[in-house]
Amino acid sequence: METLTPRQIVAELDKYIIGQNKAKRMVAIALRNRWRRRQVPEDLRDEIAPKNIIMIGPTGVGKTEIARRLAKLAESPFLKVEASKFTEVGYVGRDVESMIRDLMEIGINMVKEEQYEALRPKAEELAEERILDILLPVRQPRKLRRSQLQSSSKENDEEIDVAQRTREKFRRLLRNGKLDDREVEIETQVSSLPVVEIFSPGGTEEMDINIKDMMSSFFPGKTKRRRVKVPDALRTLVQEELSRLLDNEKVIKTAKGRVEQTGIVFVDELDKIASAHASSHGPDISREGVQRDLLPIIEGSNVNTKHGVVKTDHILFIAAGAFHVSKPSDLIPEIQGRFPLRAELSALTRNDFVRILTEPKNALVKQYQELLKTENLTLEFTSEAIEEMAILAEEVNERAENIGARRLHTIMEKLLEEISFDAPDMGCVEITITPEMVSERLSDIVKSDDLSRYIL
């Protein structure tokens, strides 16, 4: 991330997302500003807050994908939540602080994976030594009398030398896979904790006490001996060694810093908690309550987690919503102030659909070609066929609910339904999708007035 300029960030996003250049530029600047903030003198660094963003646009135009790809590009802890899943404090359901607790868990898992990769060579070396100890138990030196000590020292040296050569020979056999069929007996840790089920309407994320840690002192772990093949034993021992080598305190400290400085929370469906009629009663009260609960977290507050207090001052919040029924101005003024940047994403056109089908690295056409290649079936699409699919997607979106690029999934599945079903029995064949085939197989979708059964 530190080496990518905003222009390069947009270029990376262009590999997966078609169009929406305004939103891409905005998030690219927000990402670069994080690097810039870390270069600022320390006395001013804490004063620079992230500029949160609201992305406004219909479903299926790339709002979530932009945020997800941005986080992956930055290698930042990333969490996607739906605003409609939260409830005001006092109501049954998840409170908004749970998003920060979830983000912290994601950060810890990210750091653990990185640490595991760094420690794996050492863990594999230790596991290999343990396997060799099992295959070739180390012989204890013989007890010698003082009179025999001097005369037998040379003999002992020869025994040690032979043992070392034998061990190295077995090491080569182990690395070359020549011992894979042999069984060994290993000791593994078995949890002796009883199964405890906790029934709570909001889950257990609000519980500060780690029950497992508390009960582990009452129920110490036990070891169990079992016979397994050498490769399985090696994998098990590598995991044990990784757990021993991992410094959990360092992991938590690193993850906490990463979450606080580079964390990204994507709040989807923000429009669902905006009240179009402020004077109405009922669920709208809870909606505004969720907005009020969001305020301190977005502005910057301390959230208690089981790993310590997490500050949210520099976490970047990206919100999104279709805002069909409500408008951004229907949000309470304080929330509007917490999201100073707004990007409007445009609805997708026929040309956008053509590009989505062919250009991105994960284009739908490429996905289906690779899927059917596993059945020795070569699938080709003519440019006219792709154009025809784009026309149909645009037409169905206009007549039914506009679900954007997700409509292409419906089109592709219906088009290739018969081929996918028969592919295992067709053998090595090549099939070319033509516009006539597209029109024939999808005509019932376009002509039918009852479109609901074709909408995913």
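Now for a look at the structure at hand. All values reported here derive from a predicted model rather than from experimental measurement.

### Here's the deal with the packing of helix H14 (residues 383-399) against helix H15 (residues 406-415)
The contact between H14 and H15 brings their axes to 9 Å, and the two run at 125°. It follows that H14 is oblique to H15 by the angle criterion. For the element pair H14 and H15, the recorded crossing hand is right-handed. Note on element contacts: H15 touches H14 through Arg407, Leu408, Ile411, Met412 and Leu415, opposite Met389, Leu392, Ala393, Val396 and Asn397. Taken together, the residues of the contact of H14 with H15 sort by class into eight nonpolar, one polar and one charged.

### Here we look at the layout of surface pockets
Here the largest pocket is characterised by a volume of approximately 780 Å³. Around the largest pocket sit 36 residues that line it, and Gly60, Val61, Gly62, Ala405 and Arg406 are the ones nearest its centre. Residue classes in the lining of the largest pocket are distributed as 14 nonpolar, 11 polar and 11 charged.

### Examining the side chain of threonine 64
Mapped onto the secondary structure, threonine 64 falls in helix H4 (residues 63-74). Filtering out sequence-adjacent residues up to four positions away, threonine 64 remains in contact with Lys80, Phe266 and Asp268.

### Examining the pattern of salt bridges
Per the counting criterion, the structure on display carries 33 salt bridges. Residue arginine 68 is joined to glutamate 65 by a salt bridge in which the shortest nitrogen-to-oxygen separation is 3.3 Å. Taken together, the residues arginine 68 and glutamate 65, both in helix H4 and three residues apart, mark about one turn of the helix. Residue class for arginine 68 comes out partly exposed when judged on its relative accessible area of 38%. Glutamate 97 serves as the salt-bridge partner of arginine 101, at 4.0 Å between the closest nitrogen and oxygen. We classify arginine 101 as buried; its relative accessible area is 11%. Judged by relative accessible area, glutamate 97 falls into the partly exposed class, the value being 31%.

Conventions we followed
- Residues numbered from 1 in each chain as written.
- Predicted model: local features only at pLDDT ≥ 70, side-chain atom pairs only at ≥ 80, totals over all residues.
- Heavy atoms only, no water.
- Axes fitted to C-alpha atoms, helices over the stretch in contact; angles between N-to-C directions.
- Helix = DSSP H or I, 4+ residues; strand = E, 2+ residues; numbered from the N terminus.
- Parallel < 35°, antiparallel > 145°, perpendicular 65-115°, else oblique.
- Left-handed = near helix turned anticlockwise from the far one by under 90°.
- Contact = heavy atoms within 4.5 Å.
- Nonpolar A, V, L, I, M, F, W, Y, C, P; charged D, E, K, R; others polar.
- 1 Å grid on protein atoms, 1.4 Å probe; cavity = no way out; pocket = protein on both sides within 12 Å on 5 of 7 lines; lining within 4 Å.
- Points joined across faces, edges and corners; volume = space filled by probe spheres on them.
- Salt bridge = Lys/Arg side-chain N within 4 Å of Asp/Glu carboxyl O.
- Buried < 20%, exposed > 50% of the residue type's maximum accessible area, 1.4 Å probe, protein only.

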